[in-house]
Amino acid sequence: MTQIVAHRGASGSRPENTLPSFAEAVRADSDVIELDVHLSKDGHLIVMHDEDVERTTNGKGLIREKSLAEIKKLNAGSWFSESYQNTKVPTLKEVLDLLVMRNFRGVLLIELKTDHYHYPEIEMKTATLMTSRLWPFKHWYCSFNIYSLDIIHKLEPDTQLDLILSTSDKKVLQALDRPYIEGIHPKIDWVLKNKATLPDLPLAVRPWTIDDETLVKECVALNTAGIITNFPEKVQQYVKNARNKPNK
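Residues numbered from 1 in each chain as written. Predicted model: local features only at pLDDT ≥ 70, side-chain atom pairs only at ≥ 80, totals over all residues. Heavy atoms only, no water.

(A) Quick look at the side chain of Asn145. Take Asn145: it is sitting in the loop between β5 (138-143) and α5 (146-155). Of the polar contacts made by the side chain of Asn145, one reaches the backbone nitrogen of Tyr147; its length is 2.9 Å. Setting aside chain neighbours within four positions, we find Asn145 in contact with Thr114, Asp115, His118 and Lys171. (Helix = DSSP H or I, 4+ residues; strand = E, 2+ residues; numbered from the N terminus. Polar contact = N/O pair within 3.5 Å; in protein donor to acceptor, adjacent residues only side chain to side chain. Contact = heavy atoms within 4.5 Å.)

Spelled out as structure tokens, the structure:
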């Protein structure tokens, strides 16, 4: 079964990493919803991809140098479409509340954004929130930073962990060296380059970021554990098409 992973929510049709994007991912019946977490200056878990706010808001500067109050003043939707001019940057708690309210029953995939800057205690703060109650959905963690996964494993030894990579074989070896790493999330280029050895790899593989039907067919033929996509609803249909017309 190939899981559909909604990358930053349904980020192809809504502003990424916002409540509208996550709500759409739930509506599209995504198996997994992925998001990115940083820490604000005053220690709040902020959901955004970049270390700075410039690309996806009307502000400037680093998340770690802004308070939650300052971040909440930003417009996080107009860069995508004027229809989302009232969209704000969410906290992780706000996303969790939305998923509960929308009756999400899949998996929340939390990417710890520590590959460029390792926020002090981000793993502890995230684990504390995620273990503060029983959620009606599962949660997993992923990161480009293997050391963040080492830390989160000590805090939540039973939670699934995945290492993200671009095309680095060294990172694959790092994952293989740690029995608690369940899988890897490589760039699709790595998957296409390693097609021959993929069946023997003892790790789940969920490539990113796939919005194209031809690449979806490749992933289905290779039996990847998941497909990370900006368009979960569209890719769901591509997967169905690929299963109905298998590659010869």
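Here the narrative resumes, following the displayed structure.
(B) Focus on the pattern of salt bridges. Per the stated rule, a full pass over the model turns up 13 salt bridges. Residue Glu16 is joined to Arg55 by a salt bridge in which the shortest nitrogen-to-oxygen separation is 2.8 Å. Of this pair, Glu16 sits in the loop between β1 (3-6) and α1 (19-27) while Arg55 sits in the loop between β3 (45-47) and α2 (68-72), and the two are 39 residues apart along the sequence. Overall, Glu16 belongs to the buried group, its relative accessible area being 11%. The class of Arg55 is partly exposed, set by a relative accessible area of 38%. Between Glu24 and Arg27 there is a salt bridge, with its nearest N and O atoms 2.8 Å apart. Of this pair, Glu24 and Arg27 both sit in helix α1, three residues apart, roughly one helical turn. We classify Glu24 as buried; its relative accessible area is 11%. Residue classification places Arg27 among the partly exposed positions, given a relative accessible area of 47%. The structure contains a network of salt bridges with shared partners spanning Arg8, Glu16, Asp50 and Arg55. (Salt bridge = Lys/Arg side-chain N within 4 Å of Asp/Glu carboxyl O. Buried < 20%, exposed > 50% of the residue type's maximum accessible area, 1.4 Å probe, protein only.)

(C) A look at the side chain of Arg206. Within the secondary structure, Arg206 is located in the loop between β8 (204-205) and α8 (213-222). There is a polar contact of 3.1 Å between the side chain of Arg206 and the side chain of Glu182. Side chain to side chain, Arg206 and His185 meet in a polar contact 3.5 Å long. With residues up to four places along the chain from it excluded, the contact list for Arg206 reads Gln3, Val5, Trp140, Gln160, Asp162, Glu182, Ile184, His185, Pro186, Ala225, Gly226 and Ile228.

(D) Structural view of the packing of aromatic side chains. For the structure on display, the rule yields five aromatic pairs. Taking 5.9 Å as the distance between ring centres and 45° as the angle between the ring planes, the aromatic pair formed by Phe104 and Phe137 counts as tilted. Here Phe137 lies in the loop between α4 (122-130) and β5 and Phe104 lies in the loop between α3 (92-101) and β4 (107-112), a separation of 33 residues in the sequence. With a relative accessible area of 4%, Phe104 lands in the buried category. Centroid distance Trp135 to Phe137: 5.9 Å. Interplanar angle 20°. Geometry classified as stacked. Grouping aromatic residues by their ring pairs yields a cluster made of Trp79, Phe80 and Tyr84. Lying across the ring of Tyr117, Arg64 places its NZ or CZ 3.7 Å from the centre. (Phe/Tyr/Trp six-rings, centres within 6.5 Å; stacked < 30°, edge-to-face > 60°. Lys NZ or Arg CZ within 6 Å of the ring centre and 35° of its normal.)

(E) Representation of the nonpolar core. In terms of nonpolar packing, the biggest core is built from 56 residues, with Ile33, Leu35, Leu92, Leu108 and Ile184 touching the most fellow members. When residues in this core are grouped by element, the largest group, five residues, is from α3. The residues touching Ile33, leaving out its near neighbours within four places in the chain, are Ala6, Gly9, Phe22, Ala25, Val26, Leu99, Phe104, Val107, Leu108 and Leu109. Ranked by size, the runner-up nonpolar core spans nine residues in total, among them Ile71, Leu74, Ala76 and Val89. (Core = buried A, V, L, I, M, F, W, Y, C linked by side-chain atoms within 4.5 Å.)

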